[in-house]
Amino acid sequence: NASDDRSPQALREALQAACLAHTLAGPGDAHRPNCIVLDEVDGIVDGGRTAVDVLSAIIKAPLRGRLAKGVFPLTRPLICICNDQFAPALRELR
């Protein structure tokens, strides 16, 4: 859950690990990408916008070319689940 650890660094590390992970399915499915499900996205807002800013930067990062420090391209489908999709802090993600 996103609310387990709300720090931007923990979010960045978890997403990067999920992007680098491989499927546990059979050998024919080895080339299929994983889908990342981020639950309670509205819970990552903990008084500031830094975790939302990190998530936004990862989503908007180009697949090729120069990347900012600590930003990696999102190469997997990402599903964000939240209780209030119209929360002001999540406006940038809509």
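In what follows, the structure referred to is the one given above.
I will try to describe carefully the structure that is included in this document. (Residues numbered from 1 in each chain as written. Predicted model: local features only at pLDDT ≥ 70, side-chain atom pairs only at ≥ 80, totals over all residues. Heavy atoms only, no water.)

Structural notes on unusual backbone geometry
Backbone phi values are negative for most residues with the exception of glycine, while trans is the configuration of most peptide bonds. With phi around 60°, Glu40 is a residue other than glycine that occupies positive phi space. Tracing the chain through its elements places Glu40 in the loop between β1 (36-38) and α2 (50-60). For Glu40, a relative accessible area of 26% puts it in the partly exposed group. (Helix = DSSP H or I, 4+ residues; strand = E, 2+ residues; numbered from the N terminus. Buried < 20%, exposed > 50% of the residue type's maximum accessible area, 1.4 Å probe, protein only.)

Some details on helix α1 (residues 8-20)
Compared with the 18 Å implied by 1.5 Å per residue over 13 residues, the 18 Å span of α1 between its first and last C-alpha is a close match. Every buried residue of α1 is accounted for by Leu11, Leu15 and Cys19. With its buried residues spanning 65° around the axis, α1 presents them on a single face. Elements that come into contact with the buried residues of α1 comprise β1, α2 and β2 (78-80). (Expected span 1.5 Å × (residues − 1). Arc of directions from axis to C-beta. Contact = heavy atoms within 4.5 Å.)

Side note on the nonpolar core
Core analysis: the biggest nonpolar cluster contains 16 residues, and Leu11, Leu15, Val41, Ile44, Leu55 and Ile58 have the highest contact counts within it. Every element with two or more residues in this core is listed here: α1, β1 and α2. Per-element accounting of this core gives the leading share, five residues, to α2. (Core = buried A, V, L, I, M, F, W, Y, C linked by side-chain atoms within 4.5 Å.)

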